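What the coordinates show
Spelled out, the chains give:
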Amino acid sequence: MSDVPGAPADLLRSLTRAERLLSRRLGAVLADDALSIEAWRVLCLLSDGQGHPMSEVSAEASLPPGTLTKLVDQLVDRNLVFRRIDPVDRRRIRAYLTARGRREHARLDERVRASLAELGVEQAADLISHLDDLIGRLDPARQREHADASGPHR
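My aim in this report is to walk through the structure given alongside it, one point at a time. If you're wondering where the values come from, they're calculated on a predicted model, not measured in any experiment.

**Focus on the pattern of salt bridges**
Following the criterion strictly, the structure yields 12 salt bridges and no others. Ionic pairing is found between Arg25 and Glu118, a salt bridge with its closest N-O pair at 2.9 Å. Placement of Arg25 in helix α1 (residues 8-31) and of Glu118 in helix α5 (residues 99-118) is noted, with a sequence separation of 93 residues between them. Since its relative accessible area comes to 28%, Arg25 is described here as partly exposed. Here Arg111 makes a salt bridge to Asp32, at a shortest N to O gap of 2.9 Å. With Arg111 in helix α5 and Asp32 in the loop between α1 and α2 (37-46), this residue pair connects regions lying 79 residues apart in the sequence. On the basis of relative accessibility, which here comes to 27%, the residue Arg111 falls in the partly exposed class. When its relative accessible area of 63% is taken as the criterion, Asp32 is described as exposed.

Below, the structure written as structure tokens:
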């Protein structure tokens, strides 16, 4: 892409290529269970047991709201996810994993981790940390959250 190693175009190309190849690899792992990468992202987000508003699930899964609704409907039909009205803001719907969804997530998480281990991704935590830092610098919403959390500047 560029004659200069480390140019911004190289970073974009490398990140895009890595995401596509990783998605293809994990997609093959998940295909045995007829689960898409997008569904996997939803299960991973919900695996913390906290329940999440559908708007947050949409953003984290990188899916438009209508597409997410169809996907969550499919996960509900498979008894992996359930929805409830948010007890604090009754206008919002929160999604949660069912008991079966928690078991399936744990089982699939082992398979995904084994697939990644085959790649020799021992420094995954370091890579994730660097990528999260980059995301934080690029995402205006995260920049505002960080500024709000650190208080007023002098």
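On we go.
**Thoughts on the environment of Leu71**
Turning to its location among the elements, Leu71 is positioned in helix α4 (residues 65-77). In this structure Leu71 comes out as buried when scored by relative accessible area, which is 9%. Once residues within four sequence positions are removed from consideration, Leu71 is found in contact with Ser36, Glu38, Ala39, Val42 and Leu63.

**Comments concerning unusual backbone geometry**
In terms of backbone geometry, most residues other than glycine have negative phi values and most peptide bonds are trans. Even without being a glycine, Ala34 presents a positive backbone phi close to 50 degrees. Relative to the assigned elements, Ala34 resides in the loop between α1 and α2. Given a relative accessible area of 61%, Ala34 falls into the exposed group. The phi dihedral of Ser62 is positive, around 55 degrees, even though this residue is not glycine. Note that Ser62 resides in the loop between α3 (54-61) and α4. Here Ser62 falls in the exposed class, since its relative accessible area comes to 59%.

Calculation notes
Residues numbered from 1 in each chain as written. Predicted model: local features only at pLDDT ≥ 70, side-chain atom pairs only at ≥ 80, totals over all residues. Heavy atoms only, no water. Salt bridge = Lys/Arg side-chain N within 4 Å of Asp/Glu carboxyl O. Helix = DSSP H or I, 4+ residues; strand = E, 2+ residues; numbered from the N terminus. Buried < 20%, exposed > 50% of the residue type's maximum accessible area, 1.4 Å probe, protein only. Contact = heavy atoms within 4.5 Å.

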